[in-house]
Amino acid sequence: MTLPTFCGKDCGGGACPMLAEVEGGRVIRTRPNPAGAPWILPCSRGLALAAEHSSGNRLLAPQVRKGPRGSGQWREAGWDEALDLVASRLSEVSARSGPDAVLALAGAGSIGALHSTSSLARRFLSLAGGYTRLGGSYSNGAARTVLPYLLGPEWKNSGFDPATMSKARMIVLWGANILEARLGSELPTRLLEAKRRGAAIVVIDPRRSQTVERAATWHIPCRPGTDTALMLALLEVLLSEGLAQREWAQARSTGFSQLAAYVLGEADGKRRGPEWAEPVTGVPAGEIRRLARAWAEASPTMLLPGYSIQRVRGGEEPYRLTLALQLATGNFGIPGGSTGSLNNRLPTPRVGTIDPLDVEGRPELPVLLWPDAILGGRSSGFPTDIKAALVAGGNWLGQGADAGKSARALDSLEFSVCLEMFPTPTAGRCDVILPVASPLEKEDIGIPWLGNWLSYKSRAVPPAGLARSDYDIYADLAARMGFGEAFTEGRGEAAWIEAFLKDSEIPDPAAFRKSGFYLAPEQERVGLADFARDPVAHPLGTPSGRVELASAPWARDTGGNPIPQWEGPAALPCEEGELLLVTPKVAARTHSQGGDPASVAASGGHFLCLHPDDASERGLGEGDLARLSNATGATRIRCRLDGSIMRGVACLPEGTWLPEDTANYEDSGSPNALTSTVDHGPARAASMHGLRVRVGRA
Ligand SMILES: Nc1nc2c(c(=O)[nH]1)N[C@H]1C(S)=C(S)[C@@H](COP(=O)(O)OP(=O)(O)OC[C@H]3O[C@@H](n4cnc5c(=O)[nH]c(N)nc54)[C@H](O)[C@@H]3O)O[C@H]1N2
Ligand SMILES: Nc1nc2c(c(=O)[nH]1)N[C@H]1C(S)=C(S)[C@@H](COP(=O)(O)OP(=O)(O)OC[C@H]3O[C@@H](n4cnc5c(=O)[nH]c(N)nc54)[C@H](O)[C@@H]3O)O[C@H]1N2
Ligand SMILES: [Mo]
């Protein structure tokens, strides 16, 4: 039997259409769904979904902790016992300390119209009386904070449909490694097609990623965290060589002349040109000039910025300058061009989704600071004193910044419950673990990160062991706590899907269920195209109606710079001997899924990647154990020498699991032993690239 399916992971794809082959009640394999071909294809992780599903590591029964947190001592419990315990402990905390004492550590482990780990957890807690929620995002916290100031509410419509890539003459992937860390299911195929037809493909990345290897016609290594300086220098060349489309840009923005005056050094005599940027960025001045000229010449040029460039210190500035570059070169909002905003900001087809029932005005904290908020509470200026946590769809311990602090925070809670498929380090520090169904055990509608389409999956097989869907677990808990009917609205899972399809633009739901795929008619949308064509007739919802490159509200609300600027030594250059660490995604994992030691070993191992010259200066050879340290912490890891990474830069991928015992964190090799929850600029967003670290022999 063959059934439509998708993963529903927060992996940059999210809903890639696939087919599950089921034999004898088991899913044998998943393969691409021809309905999505030739452009919308799953990645290697989707094709490995059946293996994840049947992994011997899965949690198949509720667990109640017996020993101290992190001791790994558990006993199995039946559902009645486990749910009674969770219901009574959550109610007790709420009754004693108020509902805000419960923190929703609700992540995106599962995404979909119904099975959204984040929406379901919030819905449950909203109905339970309230909770403290997390705001912002590890992914794009800086960009999503600053972009509304530039674009107004229209920032949500500022992306592009992947098919428009076919019109681009030049594509600039700025810190976007889309062949490994996807930012849309359709981008890899569109990019490789662009390469075949001879488009220029520029990749700006300190590493020679697979995207560089397989697609780039021009690789420009740039020191992490210095993109702002490189962008300013490009603007300087465009302006001083008369290549900028000044009038076009000025008709569509505010602050363009101020920005021009800043890069040309009109006030302070300091030109932010290629010679200024070279020592900061490591990009030769001639290369910067060449890129600026190519950008001005190749029309249209599509700029696709990765999220990486804003997950750095000073990460608020790059996404102001990506917009400025596309305005200066006349590529903003034209077909085959882009606005320079986050690529996936365009609406997906209308379909119903489960309502998290969020109430305005509930206490909220920046996600980066969850450990500080637990440890510090009101006396440290946070809105609430957290006593308990509901953890679902995230491996917070190890994926969040500062692993040591995260562990202390989880250990300090009075009560915590985790809904999980696998015995993650986070689950290991909770009091109760509830086993959840796998992606192949749930019916759902898939909503992609990027693209004007939807996918569908039927329940390929029933849940393994005692596992249950998050929905089913909350419905049961809600019934025990007296609000079952409000949670379910009298519907089972299938009835919800039915209702979502009714409330959708899909003309033929039966055909959709059968094929597993709905492609909306419009596939070549260009975000903000109307505004770009006629900014007077189609103004943006900003105070000026234009793109606010200069933003007084931004400066007023956040204390940030009114126009984007390079802060310089605050971030860089490094002190003598320090390296700049990047901690990117790898193709084999969605974050920490597949980050357990056995899976990591099976997918090639976990290493610190160093340039041979940087290694030899530190007395390190291939396979030696290196020690990385900075103000947050330290970790040891074997190194691999690689002449293709930029000098002065080191790479340690994210997503490996921490050991149970915090005493062993120094041996974890986790980059988040080194990331910090403090000092992070106006957006209070995470810095996970461009970390200054010392590296030496362990
Ligand atoms: N395989 C896989 N793909 C994923 C995910 C996953 O877990 N696994 N997660 C998804 C999610 S949730 C997100 S938010 C996105 C994140 O997408 P990104 O943040 O864009 O992904 P990263 O892998 O962190 O970084 C992408 C590239 O940027 C480079 N880089 C790092 N720092 C800098 C810098 O300062 N400047 C420049 N120019 N380049 C830099 C890295 O070397 C890397 O090759 O990825 C999505 N795609
Ligand atoms: N150093 C460093 N750290 C990073 C990053 C970086 O670039 N560098 N990137 C950051 C980014 S962009 C992100 S988005 C975060 C992601 O970090 P997390 O949100 O922690 O992501 P995952 O590790 O994928 O954790 C998802 C968990 O949900 C579980 N899960 C899967 N399906 C279900 C389900 O149906 N129900 C429930 N209850 N659970 C389920 C999975 O088993 C997994 O343990 O990491 C951030 N951390
Ligand atoms: Mo993310």
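The shown structure was predicted, so the numbers you read here are calculated from the model rather than taken from an experiment.

What about the overall build of the protein chain?
Consideration 1: Counting its regular elements, the protein chain contains 25 helices and 26 strands.
Consideration 2: At 25 Å, the protein chain has a C-alpha radius of gyration in line with the 26 Å of a compact globule built from 698 residues.
Consideration 3: Its C-alpha atoms give the protein chain principal-axis dimensions of roughly 75 × 60 × 50 Å.
Consideration 4: Counting the 698 residues in the protein chain, one finds 62% classified as buried.
Consideration 5: By sequence separation, contacts in the protein chain at least 24 residues apart represent 75% of the contacts at least 6 residues apart.
Consideration 6: Accessible surface, the protein chain: about 24600 Å² in total, of which carbon and sulfur atoms supply 50%.
Consideration 7: Charge centroids of the protein chain, computed over 72 positive and 76 negative side chains, lie 1 Å from each other.

Observations regarding the site of ligand 1
Consideration 1: Taken together, 35 residues are adjacent to ligand 1, and D205, D227, R311, R589 and H591 come closest.
Consideration 2: The separation between an oxygen atom of ligand 1 and a polar side-chain atom of D205 is 2.6 Å.
Consideration 3: A distance of 3.1 Å separates an oxygen atom of ligand 1 from a polar backbone atom of Y307.
Consideration 4: Expressed as a share of its isolated accessible area of 920 Å², the protein-covered part of ligand 1 is 100%.

Some details on the layout of surface pockets
Consideration 1: Of the voids in this model, the second largest pocket is the one considered here, and its volume is about 640 Å³.
Consideration 2: Every residue lining the second largest pocket is counted, 23 residues in all, and those nearest its centre are E180, R207, V586, R640 and P653.
Consideration 3: Of the residues that constitute the lining of the second largest pocket, the class distribution is 9 nonpolar, 7 polar and 7 charged.
Consideration 4: Looking at which domains feed residues into the lining of the second largest pocket, each of domain 2 (150-346 + 525-551) and domain 3 (578-697) supplies at least three.

Points about the site of ligand 2
Consideration 1: Around ligand 2, 27 residues are found, and the nearest of them are N395, Q399, E420, K442 and S592.
Consideration 2: Between ligand 2 and N395 there is a distance of 2.7 Å, counted from an oxygen atom to a backbone nitrogen or oxygen.
Consideration 3: The backbone of L419 places a nitrogen or oxygen atom 2.9 Å from a nitrogen atom of ligand 2.
Consideration 4: For ligand 2, the protein covers 95% of the area, taking 920 Å² as the surface of the free molecule.
Consideration 5: Among the residues making up the shell around ligand 2, the classes are represented as 6 nonpolar, 15 polar and 6 charged.

Focus on the domain arrangement of the protein chain
Consideration 1: The domain boundaries assigned to the protein chain delineate domain 1 (63-132 + 369-442 + 463-490), domain 2 (150-346 + 525-551) and domain 3 (578-697).
Consideration 2: Look at where the C-alpha atoms of domain 2 and domain 3 centre, and you get two points 29 Å apart.
Consideration 3: The partner domain 3 presents 21 residues to the 17 residues of domain 2 that form the contact.
Consideration 4: Here domain 2 meets domain 3 over a buried area of about 1600 Å², counting both sides, of which 63% is carbon and sulfur.
Consideration 5: Between domain 2 and domain 3 we count 0 salt bridges in total.
Consideration 6: Across the domain 2-domain 3 interface, the total number found is 5 residue pairs in polar contact (both at pLDDT 80 or more).
Consideration 7: Along the lines of polarity and charge, the residues of the side of domain 2 that touches domain 3 split into 6 nonpolar, 4 polar and 7 charged.

Here's the deal with the sheet that holds strand β24 (residues 634-641)
Consideration 1: Pairing in this closed barrel of 6 strands is mixed, and the strands run β21-β25-β22-β24-β23-β26 around the ring. Going from strand to strand, the sheet's axes swing by 45° on average, the running direction of each strand aside.
Consideration 2: The sheet contact formed by strand β22 (residues 608-610) and strand β25 (residues 649-651) spans 2 bridges and is antiparallel. Within β25, the position partnered with C609 by the bridge is C651.

Focus on the nonpolar core
Consideration 1: Of all hydrophobic cores here, the largest spans 87 residues; its most connected members are L151, W174 and V547.
Consideration 2: Looking at this core element by element, the count peaks at 10 residues for helix α8 (residues 227-240).
Consideration 3: In this structure, L151 is in contact with S158, L323, F332, S341, L528, L540, G541, T542 and V547, ignoring residues within four places of it in sequence.
Consideration 4: Membership of the second largest hydrophobic core comes to 51 residues, among which are A121, A392, I506 and F512.

A closer look at the sheet that holds strand β17 (residues 444-446)
By definition, the strands of a sheet pair up through backbone hydrogen bonds, in either a parallel or an antiparallel sense.
Consideration 1: One open sheet accounts for 3 strands, arranged β17-β18-β19; its pairing is antiparallel. In the strand order of this sheet, the two ends are held by β17 and β19 (517-519), each with one partner. The sheet shows a mean angle of 20° between the axes of neighbouring strands, direction not considered.
Consideration 2: Sheet topology places strand β18 (residues 453-457) next to β19; 3 bridges connect them, and they run antiparallel. For W453, the partnering residue across the bridge sits in β19 and is L519.

Observations concerning the pairing of strand β21 (residues 579-582)
Consideration 1: Alternating positions in β21 separate into two faces, L579 and L581 on one and L580 and V582 on the other, with burial throughout.
Consideration 2: Two strands pair when backbone bridges link them, and β21 and strand β26 (residues 689-697) are joined in this way by 4 bridges, in the antiparallel orientation. Of the residues in β26, the one forming a bridge with V582 is H689.
Consideration 3: Strand direction decides the pairing type here: β21 and β25, joined by 3 bridges, are parallel. Opposite L581, over in β25, you have A650 as the bridge partner.

Conventions used here
Each chain has its residues counted from 1, following the order in which its sequence is written. Throughout, the order in which chains and ligands are written sets their labels, letters from A for the former and numbers from 1 for the latter. Confidence filtering applies because this is a predicted model: local features only for residues at pLDDT of at least 70, side-chain atom pairs given and counted only at 80 or more, and all residues used for totals across whole chains, interfaces and linings. Values shown for side chains rest on all heavy atoms present in the structure; no hydrogens or waters enter the calculation. Per the convention used, a helix needs a DSSP run of H or I reaching at least four residues, while a strand needs a run of E reaching at least two, with both numbered from the N terminus. The globule rule used here is 2.2 Å times the number of residues to the 0.38 power, and the radius of gyration it is set against is calculated over C-alpha atoms. Between buried and exposed lies partly exposed: a residue is buried under 20% and exposed over 50% of the maximum accessible area for its type, with that area taken using a 1.4 Å probe on protein chains only. Whether two residues are in contact is decided by their heavy atoms, any of which lying within 4.5 Å being enough. Per-residue and other accessible areas were derived by the Shrake-Rupley procedure at a 1.4 Å probe size, with only the shown protein chains allowed to occlude residues. Positive charge is attributed to Lys and Arg, negative charge to Asp and Glu, and no charge count is given to His or to the chain ends. Here the site of a charge means NZ on Lys, CZ on Arg, CG on Asp, or CD on Glu. The cutoff for a nearby residue is simple: one of its non-hydrogen atoms must lie within 4 Å of the molecule or strand. Residues adjacent in sequence count toward polar contacts only when both atoms are side-chain atoms; beyond that, a polar contact is any pair of N or O atoms within 3.5 Å, and within protein one must be able to donate a hydrogen and the other to accept it. Each cavity reported here is a set of points on a 1 Å grid over the protein atoms alone in which a 1.4 Å probe fits but cannot get out, each pocket an open set with protein on both sides within 12 Å along at least five of seven lines, and each lining residue one with an atom within 4 Å of a point. Grid points are joined across faces, edges and corners, and a volume is the space filled by probe spheres set on the points. As a working rule, the residues Ala, Val, Leu, Ile, Met, Phe, Trp, Tyr, Cys and Pro are called nonpolar, Asp, Glu, Lys and Arg charged, and the rest polar, with Gly in that last group. These domain limits were set by an automatic method or by a database of domain assignments. Note: buried area is the sum, over both parts, of the accessible area (probe 1.4 Å) each one loses when the two are combined. Whenever Lys or Arg places a side-chain nitrogen within 4 Å of a carboxyl oxygen from Asp or Glu, that contact is recorded as a salt bridge. At least two bridges found by DSSP between two strands is the condition for calling them paired. Convention adopted: a line fitted to C-alpha atoms gives each axis, helices being fitted over their contacting stretch, and angles between N-to-C directions are expressed from 0 to 180 degrees. Nonpolar cores were defined as sets of buried Ala, Val, Leu, Ile, Met, Phe, Trp, Tyr and Cys residues, with membership established by side-chain atoms within 4.5 Å.

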